[in-house]
Amino acid sequence: MSAETPFSSKRFLLALMLAACSVILLQNHSLSENSSFLFELASMAAGLALCFLCFVPTLLLRKLRNADILQLSARSPAVVKLPVAVFYAGYFVYTALYFLIPYTDMFHAKYYPGVSPCLITVVLLGCCVYAAVKGVNVITRFGIFLFLFAMLTNILMFGGNLTALELTADSLSWQGSTDDFWQNTRYFLTPAFIAAVFACLNAETNNFRLRQPVCALLFTGLKYAAVLFFIRFAVGAYAGRQEYPTFVLSRTAHFDRFAGVESFYLALATMSVFMIVSLLLCCVTKAADREKNLKTVVLFTLILLAMYTVSAYVNSVKEILTNQNVFIIFTGIASLLPLAGLIGGRKSNAPTLVHSM
Amino acid sequence: MVITLKNSIKEIKLNLHTKFADSADLTIREITLKSANRLTAAVITMEGLVDKEQLAQSVLNPLMVYDFGNMPPQRAAETIQNSVAAAADLAAFTTVDELVTYITSGFAVLVVDGAEILFAAGTQGYAFRGVSEPESEVVQRGSREGFSEPLRVNMSLLRRRMKSPELVFEQMTVGSESQTQLMLCYLQSKVSGQLLETLRSRLNACRLETVLGAGYLSDYLEDKNTSRLFSGVGISERPDTVCGKLTEGRIAIIVDGTPAVLIVPRLFVEEFQGVDDYSNRTYYATFIRLLKYLSFFIAVFLPGLYVALAQFHPEYIPSFILIKTAEALSQTPLPVTLEVLMMTLVYEIMKEAGLRIPKSLAHAVSIVGALVIGESAVTAGIISSSTLMVVATAAICSYVTASLYPPIMALRLVFIVVGGLAGLWGIVLATAVVIISLCSKTSLGVPYMSSLSPFSLRRMRDVFLRVSWKELGRHTIRVQKFPETEADHVR
């Protein structure tokens, strides 16, 4: 992992956005029930616009210093370097759990109620260790296949629900309060964690430009909009009463006598979580230690597993680990930290001089 | 260590008899030349490797007839080289190692007693299989010629197709005991120097005692720390295929004694390209390509998916199929995973038996396989008909891309077990791990999944599609210029 071949940030972003979409759509608890479709679209636009703002510090850092935040902190004295590394390592562990917990919950509730969620996590994390050891570049290559599979799943999911679409006269009404708006916006801010990932990895990509996050966010917006549209007008009130509405959408999809699109959704969600957790493990490794790759990955995987196990038995821990506000605050700091690096960081790549008296 | 010969025939004889431990096929014919000072010479050969008629005509007869007068040994040797020997291929040398290599390669070595140099005359005449159509790469249109065992014949097959002086054959020797000759073959203007250097160093690192086939070297050519499930070394028995690869900057390795030529670097998408694709109509070639990809997926995933669906997720199977499948499965004693696993293993055993037994018995084995194991087992209720159909379909599909058979077979077994233990979820995770492993694999620094991932839209013209030659001819492909090729290997 230390000797990565530079790779396309376009590919990286697109795959990440798609994977993030699939995973985020597992988290059903955050959208307001009182808002209308148009209102949700507006809050989605606001959420994604804020997401874009999170990318700006990283873009500036790349343009002005051609480095990522970890490289920049490595040039700084230990009093700066250590807290930055600790913060990012902690943030990525938290983010991995933030995505992992809802996934295993859904998986346990909907697909394999008889299997222990901890066992599911152990197997999944084992696979993630293998991927994380292979490095970020390899994971982004995997992202291309995930992208194709996501396309197929979405086509099946939306195509299978086309016959159930019911548009009424008040379909395009505007309904929702300011509180609903902020609640929904917070939900759509989740992809901002990708900006934090980029803050740590952008030096390994070879063509990170402004238009890439813009296009990727537009693409993500389209995907969200399509999902919201179908949930509201194809499965409607039924989905509103259910947990995990996107899962319901995949379950109701059918082509004549052929159903089972939910298996595609399961596969997509699994691969997305696999990719995101592997990637976050890579980021943790990079934040903590650039050289001892396998050992660091295994160490942080064990930490992840321990925290997951604790969260499975202690509800308050789980509450904190899946708290949207905590996640957004952390993500905000992680995405904006490059700005601080830009203002206070060293420009040259020369090692820090130590003055001894 | 190079040992220089002391060129007295007596000493050379002694040296060779010691080296070959008085081997029965070592032949040393001593002759007295027509000369005033009674010069003696010897012709050293290995029996069975030399064409005796050619040896007599081009070496012995002229030697016996020529009058050397009062020449000293060294001048006599020079005269033989310049005026007497009629062999088209005559090389001078001075060391024991070269002497051994020449005689074991079918050359006749000529020694003049007391001269400083020895000569090797190309009089090879051993029996070998002629040029014939390779059975593993049959084509509908195109050349029917395939590589044979002798190195020189294989080189000539390539040279006949590539008349350019850019085509270079570079000789190397591997195997401390077998001293197997091999040729690195490449187009000078198209190959990457760095790639060539890497390849040479890997072959030099080969410490095998014997190299009896091209497959012995495959492991040495693979990149370090990459998955060995799929091979990063291509194999072909067709000269036209090899020539096509050379034009893309690849390097071929022809190993003496085997018709299989190794080609590096090798990419995943190449496994689905055939010689016929480039002779057929574009739409048909595209259709065949897509069929090959589909067959690959069926061969790998079908049995595993069947097990996962039947055991864990019957609700995903359409009801009209589910009823029949469930009915069939309920009448068999074994769990579906074991049933599929058992049938797959039985099929592999039958396949191996079919390959090894004499052709006259193959028909009987087919009948036993089809009737006894197939029909009777279903009738007796030991296996279900749907299981048999799934295993048979996967087996047939695996032969569409025959070069991928080993990884297909291994993955199929893995997916059956994983599908039986963890259902669809297990299959999805295993697939993710396999894709990661494929994406991390490189072949001499070139990503194995190039064209697909890293994705290249331009190269799609010859991946899932096969566009017309007019389109293909517009851009030349150089394997070292593929995106994300590791700089340590290729520049």
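The structure displayed is predicted, hence computed values, not measured ones.

Draft legend 1. Spatial organisation of the overall build of chain A. When helices and strands are counted, chain A shows 14 helices and zero strands. Written out in order from the N terminus, the α and β elements of chain A read α-α-α-α-α-α-α-α-α-α-α-α-α-α. Radius of gyration (C-alpha) of chain A: 21 Å, near the 21 Å computed for a compact globule of 357 residues. Across its three principal directions, the C-alpha atoms of chain A cover 80 × 40 × 40 Å. Per-residue burial for chain A yields a buried fraction of 51% across its 357 residues. Taking contacts inside chain A between residues at least 6 apart in sequence as the whole, the part at least 24 apart equals 85%.

Draft legend 2. Spotlight on the confidence of the model for chain B. Mean pLDDT over chain B: 88, with 98% of residues reaching 70 or higher. At the level of individual helices and strands, chain B shows its lowest average pLDDT in helix H12 (residues 359–379) of chain B, which scores 77, and its highest in strand E11 (residues 251–255) of chain B, which scores 96.

Draft legend 3. Seen up close, the pairing of strand E3 (residues 40–46) of chain B. All names here are of chain B. Counting buried positions over the seven residues of E3 gives five, a clear majority of the element. Pairing geometry for strand E1 (residues 26–32) and E3, over seven bridges, is antiparallel. Considered in E3, the bridge of threonine 32 is made with threonine 40. Note that E3 and strand E6 (residues 108–112) share four bridges and pair antiparallel. Bridge pairing in E6 links isoleucine 44 to valine 109.

Draft legend 4. Molecular detail of the interface of chain A and chain B. Listed as interface residues are 23 residues of chain A and, on the opposing side, 21 residues of chain B. Only helix H5 (117–134), helix H6 (136–159) and helix H11 (261–288) of chain A provide two or more residues apiece to the side of chain A that touches chain B. Across the side of chain A that touches chain B, the residue classes break down as 16 nonpolar, four polar and three charged.

Draft legend 5. Structural context of the domain arrangement of chain B. Segmenting chain B into domains produces domain 1 (9–121), domain 2 (135–266) and domain 3 (289–440). Domain 1 of chain B and domain 3 of chain B are separated by 63 Å when their C-alpha centres are compared.

Draft legend 6. Geometry of the packing of H11 of chain A against helix H14 (residues 405–440) of chain B. Axis separation between H11 of chain A and H14 of chain B bottoms out at 10 Å; the angle between their running directions is 45°. Here H14 of chain B runs oblique to H11 of chain A, going by the angle between their axes. Read as a crossing pair, H11 of chain A and H14 of chain B show a hand that is right-handed. Residues Ser263, Leu266, Ala267, Thr270, Met271 and Phe274 of chain A of H11 of chain A form the contact with H14 of chain B, whose participating residues are Leu424, Trp425, Val428, Leu429 and Ala432 of chain B. Here the residues of the contact of H11 of chain A with H14 of chain B are counted per class, giving nine nonpolar, two polar and no charged.

Draft legend 7. Highlighting the pairing of E11 of chain B. Residues and elements named next belong to chain B. Buried residues dominate E11, accounting for five of its five residues. Every second residue of E11 is oriented toward a common face, with Ile251, Ile253 and Val255 on one face and Ala252 and Ile254 on the other, all of them buried. Bridge count for strand E9 (residues 180–187) against E11 is four bridges, and the pairing is antiparallel. Bridged to leucine 182 within E11 is valine 255. Where E11 meets strand E12 (residues 261–264), three bridges bridge the pair, whose relative direction is antiparallel. Within E12, the position partnered with alanine 252 by the bridge is isoleucine 263. Hairpin connection of E11 to E12: five residues between the antiparallel strands, including glycine 257 at a positive phi of 95°.

Draft legend 8. Structural context of helix H6 (residues 193–204) of chain B. Residue and element names in this part refer to chain B. Taking 1.5 Å as the rise per residue, H6 with 12 residues should run 16 Å; its terminal C-alpha atoms sit 16 Å apart, in good agreement. Burial in H6 covers these residues: Leu195, Thr198 and Leu199. One face of H6 carries all of its buried residues, which in axial projection span an arc of 95°. Exposed and oriented more than 90 degrees from the buried face of H6 are Gly193, Ser201 and Asn204. If you follow the buried residues of H6, they end up packed against E9, E11 and E12.

Draft legend 9. View of the sheet that holds E9 of chain B. Residues and elements named next belong to chain B. The strand order across the open sheet built from five strands is E8-E9-E11-E12-E10, with neighbouring strands paired in antiparallel fashion. Looking along the sheet, the strands with just one partner apiece sit at the ends: strand E8 (167–174) and strand E10 (234–236). Averaged over all neighbouring strand pairs, the angle between strand axes comes to 25°, with direction disregarded. Taken together, the three bridges between E10 and E12 define a ladder with antiparallel strand orientation.

Draft legend 10. Structural detail: the packing of helix H11 (residues 336–356) of chain B against H12 of chain B. Residues and elements named next belong to chain B. The contact between H11 and H12 brings their axes to 10 Å, and the two run at 165°. As summarised for this structure, H11 and H12 are arranged roughly antiparallel, according to the angle between their axes. In this structure, H11 meets H12 at a crossing whose hand is left-handed. On the side of H11, the interface is formed by Val346, Met350, Ala353 and Gly354, while H12 contributes Ala362, Val365, Gly369 and Ile373. In terms of residue class, the contact of H11 with H12 is made up of six nonpolar, two polar and no charged.

Draft legend 11. How the structure looks around the confidence of the model for chain A. Counting all residues, the mean pLDDT for chain A is 84, and 91% of those residues have values of 70 or more. H5 of chain A holds the highest mean pLDDT among the elements of chain A, 93, whereas helix H1 (residues 9–24) of chain A holds the lowest, 75.

Draft legend 12. Highlighting the environment of glutamate 133 of chain B. Residues and elements named next belong to chain B. Residue placement: glutamate 133 occurs in the loop between strand E7 (118–121) and helix H5 (151–161). Owing to 13 C-beta atoms within 10 Å, glutamate 133 belongs among the partly exposed residues under this scheme. In this structure, the C-alpha to C-alpha distance between glutamate 133 and arginine 238, residues 105 residues apart in sequence, is 8.4 Å. Beyond its immediate chain neighbours, meaning those up to four positions away, glutamate 133 contacts Val138, Arg144 and Gly146.

Draft legend 13. Looking closely at the sheet that holds strand E5 (residues 90–93) of chain B. All names here are of chain B. The five strands are arranged E1-E3-E6-E7-E5 in an open sheet whose pairing can be described as antiparallel. The sheet is open, and its two edges are formed by E1 and E5, each paired on a single side. The mean inter-strand angle of the sheet, taken between neighbouring strand axes irrespective of direction, is 25°. In this structure, E6 lies alongside E7, joined through three bridges in antiparallel fashion. Residue alanine 108 lies in a different strand from E7, and its bridge partner there is alanine 121. Packing against the sheet, helix H4 (residues 96–104) makes contact with E3, E5, E6 and E7, and its axis sits at approximately 60° to E3.

Draft legend 14. Geometry of unusual backbone geometry. Residues and elements named next belong to chain B. Of note, the bond from valine 264 into proline 265 is cis; its omega dihedral lies within 30 degrees of zero at -10°. With respect to the element layout, proline 265 can be found in the loop between E12 and helix H9 (282–311). Cis peptide bonds are those with omega within 30 degrees of zero, and the linkage from serine 453 to proline 454 qualifies with 5°. Positive phi values are uncommon outside glycine, yet arginine 38 reaches one of about 50°. Along the polypeptide, arginine 38 turns up in the loop between strand E2 (34–35) and E3. For arginine 38, a count of 10 C-beta atoms within 10 Å puts it in the exposed group.

Draft legend 15. Spotlight on H5 of chain A. Residue and element names in this part refer to chain A. For H5, spanning 18 residues, the distance from its first C-alpha to its last is 26 Å, which sits close to the expected 26 Å at 1.5 Å a residue. Of all the positions in H5, only Pro117, Ile120, Thr121, Leu124, Leu125, Cys128, Ala131, Ala132, Val133 and Lys134 are classed as buried. Glycine 135 occupies a position one or two residues after H5 and carries a positive phi of about 105°.

Draft legend 16. Quick peek at the environment of leucine 229 of chain B. Residue and element names in this part refer to chain B. Among the structural elements, leucine 229 can be located in the loop between helix H7 (215–221) and E10. Between the C-alpha atom of leucine 229 and that of proline 407, which follows or precedes it by 178 residues, the distance is 5.8 Å. Excluding its chain neighbours within four sequence positions, the residues that come into contact with leucine 229 are Pro407, Ala410 and Ser437.

Thresholds applied
- Residues numbered from 1 in each chain as written.
- Chains lettered and ligands numbered in written order.
- Predicted model: local features only at pLDDT ≥ 70, side-chain atom pairs only at ≥ 80, totals over all residues.
- Helix = DSSP H or I, 4+ residues; strand = E, 2+ residues; numbered from the N terminus.
- Rg over C-alpha atoms; globule rule 2.2 N^0.38 Å.
- Buried ≥ 20, exposed ≤ 12 C-beta atoms within 10 Å, placed from the backbone.
- Contact = placed C-beta atoms within 7 Å.
- pLDDT = per-residue confidence, 0-100.
- Pairing = 2+ DSSP bridges.
- Nonpolar A, V, L, I, M, F, W, Y, C, P; charged D, E, K, R; others polar.
- Domains from an automatic or database assignment.
- Axes fitted to C-alpha atoms, helices over the stretch in contact; angles between N-to-C directions.
- Parallel < 35°, antiparallel > 145°, perpendicular 65-115°, else oblique.
- Left-handed = near helix turned anticlockwise from the far one by under 90°.
- Expected span 1.5 Å × (residues − 1).
- Arc of directions from axis to C-beta.

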